[in-house]
Amino acid sequence: MTGVQTCALPICFPVTIYSEILILLAKRFGVTEQIGKYKTENKLPARDIAREKAKLSAIGDLAEKNNLDSKIAKLIFKTIMRQVVINHKKLRENKNAKY
């Protein structure tokens, strides 16, 4: 994709920023798919609440250091984490399932 602007305002996001976000999200889900397979093979739970809390705390801190609203950052990552758990459960139900 090119850096074409998506609006007529003087300052706009180039389309590439959305592409970059989606590419990183796809990479993250690829990694978590491998983790889900490992958890399934080793009969580990799909969810680790303590790890999620630690990650969300770190995400909140990182957001604040970058002048972002930590509540919004945590909400975004809670949504991603929730989907990862759903995907892990699907893998557990059907070992041939794909994310």
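Cut-offs and rules
Residues numbered from 1 in each chain as written. Predicted model: local features only at pLDDT ≥ 70, side-chain atom pairs only at ≥ 80, totals over all residues. Heavy atoms only, no water. Axes fitted to C-alpha atoms, helices over the stretch in contact; angles between N-to-C directions. Helix = DSSP H or I, 4+ residues; strand = E, 2+ residues; numbered from the N terminus. Left-handed = near helix turned anticlockwise from the far one by under 90°. Contact = heavy atoms within 4.5 Å. Core = buried A, V, L, I, M, F, W, Y, C linked by side-chain atoms within 4.5 Å. Buried < 20%, exposed > 50% of the residue type's maximum accessible area, 1.4 Å probe, protein only. Salt bridge = Lys/Arg side-chain N within 4 Å of Asp/Glu carboxyl O. 1 Å grid on protein atoms, 1.4 Å probe; cavity = no way out; pocket = protein on both sides within 12 Å on 5 of 7 lines; lining within 4 Å. Points joined across faces, edges and corners; volume = space filled by probe spheres on them. Nonpolar A, V, L, I, M, F, W, Y, C, P; charged D, E, K, R; others polar.

### Considerations on the packing of helix α2 (residues 49–65) against helix α3 (residues 70–93)
- Contact geometry of α2 with α3 gives a least axis separation of 8 Å together with a crossing angle of 145°. Judged by the twist between their axes, the crossing of α2 over α3 is right-handed. Touching Glu52, Lys55, Leu56, Ile59, Gly60, Ala63 and Glu64 of α2 are Ser70, Ala73, Lys74, Phe77, Lys78, Met81 and Val85, all from α3.

### Let's talk about the nonpolar core
- In this structure, Leu56, Ile59, Ala63, Ala73 and Met81 together form the largest nonpolar core, which totals 5 residues.
- Among the elements of the structure, α2 and α3 are those that each provide at least two residues to this core.
- Looking at this core, the element that brings in the most residues is α2, giving 3 residues.
- Apart from residues no more than four positions distant in its own chain, Ala63 is found in contact with Leu68, Asp69, Ser70 and Ala73.

### Some details on the pattern of salt bridges
- The tally for this structure, following the rule as stated, stands at 2 salt bridges.
- The closest approach of N and O atoms between Glu52 and Arg47, which form a salt bridge, is 3.0 Å.
- Given a relative accessible area of 16%, Glu52 falls into the buried group.
- Judged by its relative accessible area of 46%, Arg47 is partly exposed.

### So, the layout of surface pockets
- Considered as a void within the structure, the largest pocket measures approximately 420 Å³ in volume.
- Breaking the lining of the largest pocket down by element, the ones donating at least two residues are α1 (15–41), α2 and α3.
- Within the lining of the largest pocket, the residues separate by chemical class into 8 nonpolar, 2 polar and 7 charged.
- Every residue lining the second largest pocket is listed: Lys55, Ala58, Ile59, Leu62, Ala63, Asn66, Leu68, Asp69, Ile72, Ala73, Ile76 and Phe77.
- Where the lining of the second largest pocket is concerned, the elements lending two or more residues are α2 and α3.
- Ranked by the residues each element gives to the lining of the second largest pocket, the list is headed by α2, at 5 residues.
- Residues belonging to the lining of the second largest pocket are distributed by class as follows: 9 nonpolar, 1 polar and 2 charged.

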